[in-house]
Amino acid sequence: MTGNLLLTFNAGSSTVKIGIFKVDDDRPQRIGKAVVDFGTYPLMLHLKEGPEQFERPLKGETGNDLAGLMDEVFQELRAHFDLDAVTSAGHRIVHGGDIFNGPVELTTATLAKIRSLTKLAPLHQPHALRMIEAVRHLRPELSQTGSFDTTFHATQSDLVRRLAIPRAYHDQGIKRYGFHGLSYRYVAGALAKAAPDIAAGKVVIAHLGSGASLCAIENGMSRDSSMGFSTLDGIPMATRPGWLDPGVLLHLLGPLGKSVKEVEDMLYHKSGLLGVSGISGDTRELIDNDASQAREAIDLFTLRIAGEIARLAATLGGLDALVFTAGIGENQPKIRKSVTEQLLWLGVELDETANEKSALTISTSASRIAVQVIPTDEEKMIAEECISVLHPKYHPGAS
């Protein structure tokens, strides 16, 4: 694949992140990054990395068929990158269920299996499938691969994955899966390179972004996670509540007379930090806001994170290190400080200066728990997995 280009697509509910990679000796090197923002009107294309940075309004619209929109995106990118040199594309797919235990080439057969899992991720799976079909329509000659957010967690025990519900439902696939697996796999690999002794131990990684979760890792393998059956579970997020007493859902659907659609909209779009604060789901807007509701939202966020770290440490039987990653975890010292202050009983001791600088290691030498900040790179992980599928001798993380 020397000299060829590879595209990655990370389709979310409101954006699509596109990575442009040059592949030399089966090693991907990012040369560009673009984001299509579906949350604006008109839709916007942002080129964040490349020969230049720009923002462009798009004429296309979202819908079941994204071919027209992506044709427009490709035409814009073509002015800055040699898209004729692209030979493959990798996609992030949220749910692999129990069917997939690693990345796969996207064929008619594998796409049918991915589509069959839509019932497990009805709001996320269709985004990836629409993007795959759009790329297939525009560039049918490209080899495409799928990388799953769930497969990293396949190493969790059956006991950890089980919900306390009738066995018949468990057998139908209603169990804990865990998500953000591409991020965790990348960060676990980066930790192994930066601090192999720590990576071989008991580690909790906190992926804190607009979607947020935590994962317990032992010797690089997932043992437990905060997200379970769906991406609603675990800690509070920008607009999602995290753990919620199922009795609340019964109350909303029963005495309060809400429809399933209304409850779904509330859970995915109106809860979390936005719901508690009534101001914003963005911690950057809340952290320095003097309003009591903003403070309460941040305090609840960090309280639940600290509590989940303690729960995951119980699964691991101890804790050697805590790693912060993703947008909030990498860039917001005040959030990290608030979380670690609630873990003093574990022996966590933060280096204030290192924390303010978002250094690799932000704990003191006296801290019983190492605390680190490691940037994640889901797009690079998708690129590496894409190469590993199309060129089996390559192993992700080798670059």
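The shown structure was predicted, so the numbers you read here are calculated from the model rather than taken from an experiment.

Here we come to the sheet that holds strand β11 (residues 221-225). The strand order across the open sheet formed by 5 strands is β11-β10-β9-β12-β13, and the pairing between neighbours is mixed. Sheet topology places β11 and β13 (370-373) at the edges, where each strand pairs with a single neighbour. Taken over all neighbouring pairs, the strand axes of this sheet differ in orientation by 25 degrees on average, direction set aside. Note: strand β12 (residues 321-325) against β13, 4 bridges, orientation parallel. Across the sheet, residue valine 323 finds its bridge partner in β13, namely glutamine 372. Helix α6 (residues 181-194) rests against β9 (202-208), β10 (212-218), β12 and β13 of the sheet, and its axis sits at about 130 degrees to β9.

As a further point, take the pattern of salt bridges. With the rule as written, the count across this model stands at 22 salt bridges. For the salt bridge of arginine 136 with glutamate 133, the shortest nitrogen-to-oxygen distance reads 4.0 Å. With a gap of 3 residues between them, arginine 136 and glutamate 133 both fall in helix α3 (residues 125-138), about one helical turn apart. Its relative accessible area of 31% is what places arginine 136 among the partly exposed residues.

For the rest of this paragraph, the subject is helix α12 (residues 292-316). Compared with the 36 Å implied by 1.5 Å per residue over 25 residues, the 36 Å span of α12 between its first and last C-alpha is a close match. Regarding α12, the residues found buried are Ala294, Ala297, Ile298, Phe301, Thr302, Ile305, Ala306, Glu308, Ile309, Leu312, Ala313 and Leu316.

The tendency in soluble globular proteins is for nonpolar side chains to be buried as a group. Formed by 52 residues in total, the largest nonpolar core has its most connected members in Leu208 and Ile309. Looking at this core, the elements that each hand over two or more residues are α2 (108-116), α3, β9, β10, α12, β12, α14 (333-341) and β13. The greatest single-element share of this core, amounting to 10 residues, is contributed by α12. If near-sequence neighbours (up to four positions away) are discounted, leucine 208 is found in contact with Ile235, Phe301, Ile305, Phe324, Thr325, Ala326, Gly327, Ile328, Gly329 and Ile335. Among the nonpolar cores identified, the runner-up in size contains 30 residues, and Val16, Phe38, Phe54 and Ala89 belong to it.

Here leucine 343 is to be found in the loop between α14 and α15 (352-356). A relative accessible area of 1% places leucine 343 in the buried class. Sequence spacing of leucine 343 and alanine 310 is 33 residues, and the spatial spacing of their C-alpha atoms is 8.2 Å. Those residues in contact with leucine 343, other than ones at most four positions away along the chain, are Ala306, Ile309, Leu322 and Val348.

In space, the 8 strands of this open sheet follow the order β5-β4-β3-β2-β1-β6-β8-β7, with mixed pairing throughout. Of all the strands in the sheet, the pair left with one neighbour each is β5 (54-58) and β7 (104-105). Bridge count between strand β1 (residues 4-11) and strand β6 (residues 86-93): 5 bridges; the pairing is parallel. Counterpart to leucine 5 in the pairing with β6 is valine 86. Relative to the sheet, helix α1 (residues 67-78) contacts β1, β2 (15-24), β3 (27-37), β4 (43-49) and β5, its axis offset from that of β5 by approximately 150 degrees. Where α3 meets the sheet, its contacts fall on β1, β2, β6 and β8 (143-148), and the angle it forms with β6 comes to roughly 170 degrees.

This next bit is on the packing of α6 against helix α16 (residues 378-390). Each pair of packed helices can be described by the angle between their axes along with the distance between the axes. In contact at an axis separation of 9 Å, α6 and α16 are set at 85 degrees when each is read in the N-to-C sense. In terms of their interaxial angle, α6 and α16 are classed as roughly perpendicular. Contact with α6, carried on its side by Leu182, Ser183, Arg185 and Tyr186, involves Glu378, Lys380, Met381, Ile382 and Glu385 of α16 and no other residues of that element. Counted by class, the contact of α6 with α16 contains 4 nonpolar, 1 polar and 4 charged residues.

Pairing between β2 and β3: 10 bridges, direction antiparallel. Pairing of aspartate 24 across the sheet is with arginine 27, part of β3. Between the antiparallel neighbours β2 and β3 lie 2 residues, among them aspartate 25 with a positive phi of about 50 degrees. Bridge analysis of β3 against β4 gives 5 bridges, and the strand direction is antiparallel. Opposite valine 35, over in β4, you have histidine 46 as the bridge partner.

The next subject is the packing of α12 against α14. For the pair α12 and α14, interaxial distance at closest approach is 8 Å and the crossing angle is 50 degrees. Comparing the axis directions of α12 and α14 gives the class oblique. In the crossing of α12 with α14, the sense of the turn from one axis to the other is right-handed. Judged by residue contacts, Ile298, Phe301, Thr302, Ile305, Ala306 and Ile309 of α12 engage Ile335, Ser338 and Val339 from α14. Among the residues making up the contact of α12 with α14, the classes are represented as 7 nonpolar, 2 polar and no charged.

Across 4 bridges, β10 lies against β11 in antiparallel orientation. Residue pairing across strands places isoleucine 217 opposite serine 222, the latter belonging to β11. The turn joining β10 and β11, which pair antiparallel and follow one another in sequence, is formed by 2 residues; a positive phi near 55 degrees is taken by asparagine 219.

The rules behind these values
- Every chain is numbered independently, its residues counted from 1 as its sequence is written.
- Local features in a predicted model are, by the rule used here, given only for residues with pLDDT of at least 70; side-chain atom pairs are given and counted only at 80 or more, and totals for whole chains, interfaces and linings are based on all residues.
- Neither water nor hydrogens contribute to the side-chain values; these are computed over all heavy atoms in the structure.
- Any two strands between which DSSP finds at least two bridges are classified as paired.
- Runs of E in the DSSP output that reach at least two residues are strands. Runs of H or I that reach at least four are helices, and both are numbered from the N terminus.
- Axis definition: a line fitted to C-alpha atoms, over the contacting stretch in the case of helices. Angles run 0 to 180 degrees between N-to-C directions.
- The criterion used for residue contact is that any of the two residues' heavy atoms lie within 4.5 Å.
- When a carboxyl oxygen of Asp or Glu is within 4 Å of a side-chain nitrogen of Lys or Arg, the pair counts as a salt bridge.
- Each residue is placed in one exposure class: buried if its accessible area under a 1.4 Å probe, protein chains only, is under 20% of its type's maximum, exposed if it is over 50%, and partly exposed if it falls in between.
- One less than the number of residues in a helix, times 1.5 Å, gives the span that helix is expected to have.
- Nonpolar cores were defined as sets of buried Ala, Val, Leu, Ile, Met, Phe, Trp, Tyr and Cys residues, with membership established by side-chain atoms within 4.5 Å.
- Put simply, angles under 35 degrees are roughly parallel, angles over 145 are roughly antiparallel, angles from 65 to 115 are roughly perpendicular, and the rest are oblique.
- Under the grouping applied here, Gly and all other residues not named as nonpolar or charged are polar, the nonpolar ones being Ala, Val, Leu, Ile, Met, Phe, Trp, Tyr, Cys and Pro and the charged ones Asp, Glu, Lys and Arg.
- Each crossing is labelled by how the near helix is turned from the far one, with a counterclockwise turn of less than a right angle marking it left-handed and a clockwise turn marking it right-handed.

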